[in-house]
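# Observations on the three-dimensional arrangement
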Amino acid sequence: MKPFTYLRAHSVEEATAAHARLPGARYLGGGTNLVDLMKLGVETPAALIDISRLPLGEVEELPGAGLRIGSMTRNSDVAAHPLVRAHHPALSQALLAGASGQLRNIATTGGNLLQRTRCPYFQDVSKPCNKRSPGTGCAARDGVHRDHAVLGHSADCVATHPSDMAVALAALDADIALHGADGARTVPVTDFHRLPGDHPERDTVLRDGEIVTAVVLPPTTPGTVSLYRKARDRASYAFALVSVAAVLELDDAGLVRRLGLAFGGLAHRPWRATVAETRLMGADPTAAAVDEAVRAELAAARPLRDNAFKVPLAHGLARDALATLARRAAAAPGAA
Ligand code: SF4
C-alpha cells in the first residue's frame, strides 16, 4: 500500500489552500469510489483532504421550487427530501436507481458527479487504458465493450459515465457551483462532464484544486412533470445499460412548452438530447412526433461491435418515458 497524508478540512478555503500546497492531493468525500480505486492501485494520491465535514450538507429552498443542494448532502437524503420528491421527482428516482442503500447513505452529491467510469480496463492496472495512463491505448475498443458508448466516443476512449444522478440533473437544467483558487463559478451540468476526444483522462471541466460546493436546480412551474427510467442487467445495484431522464411541461393547448431529455449509458457524459428537444418544442407530443424526434437524435449513434442493442433500447425507453409524461401532464395540469 502506498502511504498517503490525511488531513481534515473545516472550511472550503482551508481545503483549497491545503490542495494548493500538497502536490498529488485528492479530496475525500464519501469515498465510495475513490477508496475502491485506491485499493485497486488506480488512484495513488499523495494526500487525502477530507471534505466530508464541510458545512455543505444542506438542501436549501430557492424561489419557485428551485433548490440548492450542498455537495456533501448524502445521496439517500437528497432522494428522500420532500421538496425533491415533490418538485423534481426524476432526481429522486435516479438516485434510488443507483448503487445500494448502504452506498447511498455515505455517497455525496459532489462525489456522485465525480465518480469514474466502471470500464473494466480502467480498473485493471495491468491493461492498456488511455483514461488511466494516457498514451497506452484503449483495450475496450476491440475488447469487452458491451456496456460502452455509442455516442460521442473517440478513437482514444469509448467509456460511459456511470452516474444516474447526473443524467437527471442534465434533463432538469441544473447548475454546478464550484469554488477554487480563483473564487466561485457556476457551470451548467451539461457542460461539466466532457466527451473524451484526445484527453479521456479528463472527465470534467473541473480546474485543479476546485471543489464542487453545490448543485442548483432552477425554478419549476406547477404542471411540470419528470421521471427517470433505467434499463440494466439486474433489478438493483447495477449500472445503466441505457437510462433516460425526461422533464415535460405542456401549454394550455397541449403543446410542448418545456422539454428536457437526457440519456445515460450512451456516452462519456450524460447525453442531452438537443436534436429531439428542438424538434418537439412547440409541438403536440404525439407518439409519431416523439418517435421521429428520438430517431433523429439517435441517428448520430456509432455503435461498437457488441453494443448496437443500445440504440433501439434507448429509443424505446425515451419513447415510453415521453408518452408517460405527456399523459400525466395532460391529465393533471398543475401537478408536479
Ligand atoms: Fe480506458 Fe476509456 Fe478505453 Fe475503457 S474505454 S479502456 S476507460 S480508454
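Residues numbered from 1 in each chain as written. Predicted model: local features only at pLDDT ≥ 70, side-chain atom pairs only at ≥ 80, totals over all residues. Heavy atoms only, no water.

It is worth spelling out the sheet that holds strand 10 (residues 242-250) at this point. The strand order across the open sheet built from four strands is 9-10-11-12, with neighbouring strands paired in antiparallel fashion. At either end of the open sheet lies a strand with only one pairing partner, and these are strand 9 (225-231) and strand 12 (271-272). As defined by bridge partners, strand 10 adjoins strand 11 (residues 256-264) across eight bridges and the pair is classed as antiparallel. Counted as the bridge partner of Glu-249 is Arg-258 from strand 11. In the packing of helix 12 (residues 310-331) onto the sheet, contacts are made with strand 9, strand 10 and strand 11, and the angle to strand 10 comes to roughly 30 degrees. (Pairing = 2+ DSSP bridges. Helix = DSSP H or I, 4+ residues; strand = E, 2+ residues; numbered from the N terminus. Contact = heavy atoms within 4.5 Å. Axes fitted to C-alpha atoms, helices over the stretch in contact; angles between N-to-C directions.)

Of all residues adjacent to the ligand, which total 14 residues, the nearest are Cys-119, Cys-129, Cys-138, Cys-157 and Val-158. Of the residues belonging to the shell around the ligand, the class tally is 10 nonpolar, two polar and two charged. (Near = heavy atom within 4 Å. Nonpolar A, V, L, I, M, F, W, Y, C, P; charged D, E, K, R; others polar.)

A few words on the domain arrangement of the protein chain. We note that the domain assignment places domain 1 (5-49) and domain 2 (57-336) within the protein chain. For domain 1 and domain 2, the distance between their C-alpha centroids amounts to 26 Å. Between domain 1 and domain 2, the contact holds 15 residues from the first and 20 residues from the second. Of the roughly 1300 Å² buried between domain 1 and domain 2 on both sides combined, carbon and sulfur atoms contribute 69%. Area buried by domain 1 at its contact with domain 2 is led by Thr-32, Asn-33 and Val-42, which between them contribute 34% of it. Our count for the domain 1 to domain 2 interface comes out at one salt bridge. Across the pair Arg-116 and Glu-43 runs a salt bridge, and its minimum N-O distance is 3.5 Å. (Domains from an automatic or database assignment. Buried area = accessible area lost by both parts, 1.4 Å probe. Salt bridge = Lys/Arg side-chain N within 4 Å of Asp/Glu carboxyl O.)

Quick look at unusual backbone geometry now. In this structure, Ala-99 takes a positive phi of about 55 degrees despite not being glycine. Along the chain, Ala-99 turns up in the loop between helix 5 (89-96) and helix 6 (101-104). A relative accessible area of 34% means that Ala-99 is categorised as partly exposed. The phi angle at Asp-173 is positive, at roughly 60 degrees, despite the residue not being glycine. Classification of Asp-173 as partly exposed rests on a relative accessible area of 37%. (Buried < 20%, exposed > 50% of the residue type's maximum accessible area, 1.4 Å probe, protein only.)

So, about the pattern of salt bridges. Inspection of every chain in the model, using the stated rule, returns 17 salt bridges. Salt-bridge contacts for Arg-272 lead to Asp-173; the nearest nitrogen and oxygen are separated by 2.7 Å. Taken together, the positions of Arg-272 in strand 12 and Asp-173 in the loop between helix 8 (165-171) and strand 6 (175-180) put the pair 99 residues apart, joining distant regions of the chain. Arg-272 sits in the buried class, given a relative accessible area of 16%. Where Glu-277 meets Arg-272, a salt bridge forms, and the shortest distance between an N and an O atom there is 2.4 Å. Note on accessibility: Glu-277 and Arg-272 belong to one class, buried. Linked through salt bridges whose partners overlap, the residues forming this network are Arg-26, Glu-43, Arg-116, Lys-131 and Asp-203.

Over its 12 residues, helix 11 (residues 287-298) extends 16 Å from the first C-alpha to the last, a length consistent with the 16 Å expected when each residue adds 1.5 Å. Buried residues of helix 11: Val-290, Asp-291, Ala-293, Val-294, Glu-297 and Leu-298, and no others. Turning to helix 11, the residues buried within the fold contact strand 11, strand 12, helix 10 (274-280) and helix 12. (Expected span 1.5 Å × (residues − 1).)

Within the open sheet, the three strands sit side by side as 1-3-2. Their pairing is parallel. Across the chains shown, the open sheet's two edge strands, defined by having one partner strand only, are strand 1 (5-8) and strand 2 (25-28). For this sheet, the mean inter-axis angle between neighbouring strands, taken without regard to orientation, is 20 degrees. Where strand 1 lies against strand 3 (residues 47-50), four bridges are found, and the strand directions are parallel. Paired with Thr-5 across the bridge in strand 3 is Ala-47. Contacts from helix 1 (residues 12-21) reach strand 1, strand 2 and strand 3, with the element oriented near 155 degrees to strand 2.

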